[in-house]
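Commentary on secondary and tertiary structure
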Amino acid sequence: MHRPSSGTAPTGVTRAGAGLRISVVGCGYLGAVHAVCLASLGHEVVGIDVDAERIGLLARGTAPFHEPGFDEVLREATGSGRVGWTTDIAAAATCSVHFLCVGTPQLDASGGADLRFVHQAFDSLRPHLSPGDLVVGKSTVPVGTAGELAERLSREACGAGLAWNPEFLREGCAVQDTVRPDRLVYGVCEGDERSARILDVVYADLLAAGVPRIVSNLETAELVKVASNAFLATKISFINAMATLCDATGADVVALSDAMARDPRIGSGSLAAGLGFGGSCLGKDIRALYHRAEELGVADSLGLLRDVDRINQGCRELAAELARQACGGDLDGRRVAVLGAAFKPGSDDVRDSPALAVAQMLHAEGAVVTVTDPKALDNARKQCPQLVYADDAEAAALDADVLLLLTDWPEYSLLDPTVLARTVRRKTVVDTRHSLDAPAWRAAGWNYVAPGRPHA
Ligand code: UDX
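Conventions adopted
Residues numbered from 1 in each chain as written. Predicted model: local features only at pLDDT ≥ 70, side-chain atom pairs only at ≥ 80, totals over all residues. Heavy atoms only, no water. 1 Å grid on protein atoms, 1.4 Å probe; cavity = no way out; pocket = protein on both sides within 12 Å on 5 of 7 lines; lining within 4 Å. Points joined across faces, edges and corners; volume = space filled by probe spheres on them. Nonpolar A, V, L, I, M, F, W, Y, C, P; charged D, E, K, R; others polar. Helix = DSSP H or I, 4+ residues; strand = E, 2+ residues; numbered from the N terminus. Salt bridge = Lys/Arg side-chain N within 4 Å of Asp/Glu carboxyl O. Buried < 20%, exposed > 50% of the residue type's maximum accessible area, 1.4 Å probe, protein only. Phe/Tyr/Trp six-rings, centres within 6.5 Å; stacked < 30°, edge-to-face > 60°. Lys NZ or Arg CZ within 6 Å of the ring centre and 35° of its normal. Near = heavy atom within 4 Å. Polar contact = N/O pair within 3.5 Å; in protein donor to acceptor, adjacent residues only side chain to side chain. Domains from an automatic or database assignment. Contact = heavy atoms within 4.5 Å. Buried area = accessible area lost by both parts, 1.4 Å probe. Pairing = 2+ DSSP bridges. Axes fitted to C-alpha atoms, helices over the stretch in contact; angles between N-to-C directions.

Per the counting criterion, the structure on display carries two cavities of 30 Å³ or more. Roughly 80 Å³ of internal volume is contained in the largest cavity. Lining the largest cavity are H34, K138, N165, P166, E167, F168, T178, P181, R183, L184, Y203 and L206. When its residues are assigned to classes, the lining of the largest cavity shows six nonpolar, three polar and three charged. Here the second largest cavity defines a volume of roughly 70 Å³. What lines the second largest cavity is A113, T140, V141, P142, V143, L223, V226, K284, D285, A288, L289 and R292. Broken down by element, the residue count for the lining of the second largest cavity peaks at five residues, all from helix α11 (residues 282-295). For the lining of the second largest cavity, the residue count by class is eight nonpolar, one polar and three charged.

The subject of this paragraph is the pattern of salt bridges. Applying the stated rule across the entire model yields 24 salt bridges. Taking the shortest distance from any N to any O, the salt bridge between D123 and R152 comes out at 2.6 Å. Residue D123 is found in helix α4 (residues 116-125), and its partner R152 is found in helix α5 (residues 145-155); the two are separated by 29 residues along the sequence. Judged by relative accessible area, D123 falls into the partly exposed class, the value being 39%. One salt bridge connects D401 with R334, and the closest N-O pair in it is separated by 3.7 Å. With D401 in the loop between α15 (393-396) and β13 (402-405) and R334 in the loop between α12 (304-326) and β10 (335-339), this pair connects stretches of sequence that are 67 residues apart. Judged by its relative accessible area of 21%, R334 is partly exposed. When salt bridges that share partners are traced, they join D123, R126, R152 and E156 into one network.

The next thing to look at is the packing of aromatic side chains. Considering all chains together, one arrives at five aromatic pairs under this definition. An angle of 20° between the planes, with centres 4.3 Å apart, marks the rings of Y29 and F65 as stacked. Note that Y29 is positioned in helix α1 (residues 29-40) and F65 in the loop between α2 (52-59) and α3 (70-80), a separation of 36 residues in sequence. In this structure Y29 comes out as buried when scored by relative accessible area, which is 15%. The structure contains a cluster of three or more aromatic residues connected by ring pairs, namely Y29, F65 and F70. Looking at R183, its charged tip hangs above the ring of F168, at a distance of 3.6 Å from the centre.

Close to the ligand lie 20 residues; L169, E171, A272, F343 and K344 are nearest. Between the ligand and the protein, one listed contact pairs an oxygen atom with a backbone N or O atom of F168 at 2.9 Å. With respect to the ligand, the backbone of L271 contributes an N or O atom lying 3.1 Å from an oxygen atom. At four residues, the largest contribution of residues to the shell around the ligand is made by helix α9 (residues 218-249). Here the residues of the shell around the ligand are counted per class, giving ten nonpolar, four polar and six charged. Residue assignment places the shell around the ligand across two domains, with domain 1 (15-211) and domain 2 (232-449) each supplying three or more.

Following the sequence through the fold, N240 ends up in helix α9. Residue contacts for N240: discarding those within four places in its chain leaves A273, G274, G276, I311 and C315.

For the rest of this paragraph, the subject is the domain arrangement of the protein. According to the domain assignment, the protein consists of domain 1 (15-211) and domain 2 (232-449). The C-alpha-based centres of domain 1 and domain 2 are spaced at 33 Å. With 18 residues of domain 1 in contact, the opposing surface of domain 2 contributes 16 residues. Carbon and sulfur atoms make up 49% of the area that domain 1 and domain 2 hide from each other, which totals about 1300 Å². The largest per-residue losses of area from domain 1 upon contact with domain 2 belong to H66, Q106 and E171, which jointly make up 40% of the total buried on that side. Inspection of the region where domain 1 meets domain 2 yields one salt bridge. For R351, the salt bridge goes to E171, with nearest N and O atoms at 3.5 Å.

Moving on, we get to the layout of surface pockets. Empty space left among the atoms is revealed by rolling a probe the size of a water molecule over them. The space that makes up the second largest pocket amounts to roughly 210 Å³. Contributing to the lining of the second largest pocket are N240, A241, A243, T244, D247, G274, R310, I311, G314, C315, L318 and P451. Residue assignment for the lining of the second largest pocket shows that the elements contributing at least two residues are α9 and α12. By residue class, the composition of the lining of the second largest pocket is six nonpolar, four polar and two charged.

This brings us to the sheet that holds strand β12 (residues 388-389). Strand pairing in a sheet is mediated by backbone hydrogen bonds. Such pairs are either parallel or antiparallel. Here we have six strands laid out as an open sheet, ordered β12-β11-β10-β13-β14-β15, and parallel in their pairing. On the outer flanks of this sheet lie β12 and β15 (447-449), each paired with one strand and no other. In the sheet, β10 pairs with strand β11 (residues 368-372) via five bridges, with the strands oriented parallel. Residue pairing for β11: A337 is matched across the bridge by T370. Sheet strands touched by helix α13 (residues 354-364): β10, β11, β12 and β13. Its angle to β11, the strand with the most contacts, is close to 160°.

Turning our eyes to something else, we now look at the environment of G333. With respect to the secondary-structure elements, G333 resides in the loop between α12 and β10. In the structure, G333 is positioned 77 residues away from P410 in sequence and 30 Å away in space, judged by C-alpha atoms. Among all residues touching G333, those that are not within four sequence positions of it are G366 and A367.

Right, dumping it as structure tokens:
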């Protein structure tokens with residue numbers, strides 16, 4: 001493990017007091033958290049984004065999204081004066097390290113990544129780079145992208161270098177994952193030791209705390225991110241495939257997963273069966289990885305990613321089928337109560353939310369779907385205005401023919417089944433995330449149904 005001997009920046013890198021002057025281009029979940037955490041590490045940071053509303057909120061010390069712990073570090077960093085926010089990319093000119101944190105959404109049905117924002121950010125930053133500056137990519141990109149950008153910098157002989165430093169943060173624990181990541185990965189061009197030394201200064205506190213650091217070439221660093229996400233997605237789909245087998249045999253996937261997880265080679269992470277993965281990363285990343293493999297002529301080796309995606313989609317269809325069965329096979333005019341809209345608990349993000357996907361399937365079959373969520377109602381309303389929204393579980397469950405738990409917010413596991421039993425029209429609950437105490441719900445008169453678990 002490497003520990004920097006001192007916080008001294010390599011020559012030519014602009015210092016600000018004890019830290020560096022750093023720009024962060026793109027202030028979404030990743031960039032905003034990264035900017036604020038860099039400021040908390042003692043650097044002087046400017047966060048830059050084209051979205052004036054987002055920048056306005058951040059400048060006022062208001063988080064534009066729900067992320068536990070973020071409000072505190074944002075307020076602290078804003079109060080200390082070490083972070084500034086602007087829509088003006090020219091502000092990057094005073095900095096010597098520039099992080100690219102823009103999104104790379106799915107382009108179209110091909111599954112390829114849309115690199116428009118990466119190129120726009122890079123093009124707008126380019127005139128403000130000085131000799132000795134370092135551009136550091138954090139966005140998730142198809143392997144080969146960083147090499148192209150590095151080549152461009154060297155062709156244009158602007159004297160700035162490029163490194164790739166993927167981010168592994170999970171929404172809901174983004175701050176912790178940024179200040180204490182499992183590892184730091186630096187992708188650098190062959191023979192480029194200076195970039196790694198600069199990143200060592202950026203992350204001096206993390207390295208001193210023992211965070212492991214891996215230096216690789218650019219291609220490996222790009223791949224570490226997508227390969228890690230593809231592996232996590234594969235684990236989730238694997239246990240969901242086992243859930244299907246459990247349903248066919250009477251085995252219990254919750255006990256199966258628990259027993260498998262005790263093997264330290266397997267571990268418990270991403271081994272919870274249920275409704276599968278959603279969000280802005282896993283699905284998009286496996287598709288982009290497969291698409292890139294196709295472009296490179298090696299798709300045959302990555303065919304399993306297609307199955308991972310298919311199994312994941314199957315989880316959503318199974319949840320809809322369980323709701324349909326609970327309503328006697330026909331959802332038309334039935335009232336469905338949905339607990340959860342966020343793609344996972346601890347977040348208000350509804351991008352590719354499995355919960356909203358299922359809610360929409362049921363609505364498309366004529367059901368009146370009422371959704372509740374502790375944090376994501378505003379985002380859900382914007383994305384799915386056709387659904388009905390309620391402030392809490394009891395209001396959502398009023399006269400429901402079936403109750404579906406689709407996002408595993410901890411508060412839902414504390415719901416009182418006796419109270420809800422008085423609210424609904426029919427007492428069937430579909431617990432797609434295995435969050436509820438099945439015996440307690442059954443004791444309160446509910447027909448408790450969960451994928452991969454024996455029916456009583
Ligand atoms: C993921 C990666 O974990 C993170 O390292 C990467 O940087 C970005 O993508 P995130 O999308 O925030 O992070 O969420 P994660 O906690 O991995 O969950 C993704 C989805 O999988 C959620 O919808 C979650 O509900 C689901 N999931 C997760 C399961 O279905 N089962 C599990 O065991 C774990």
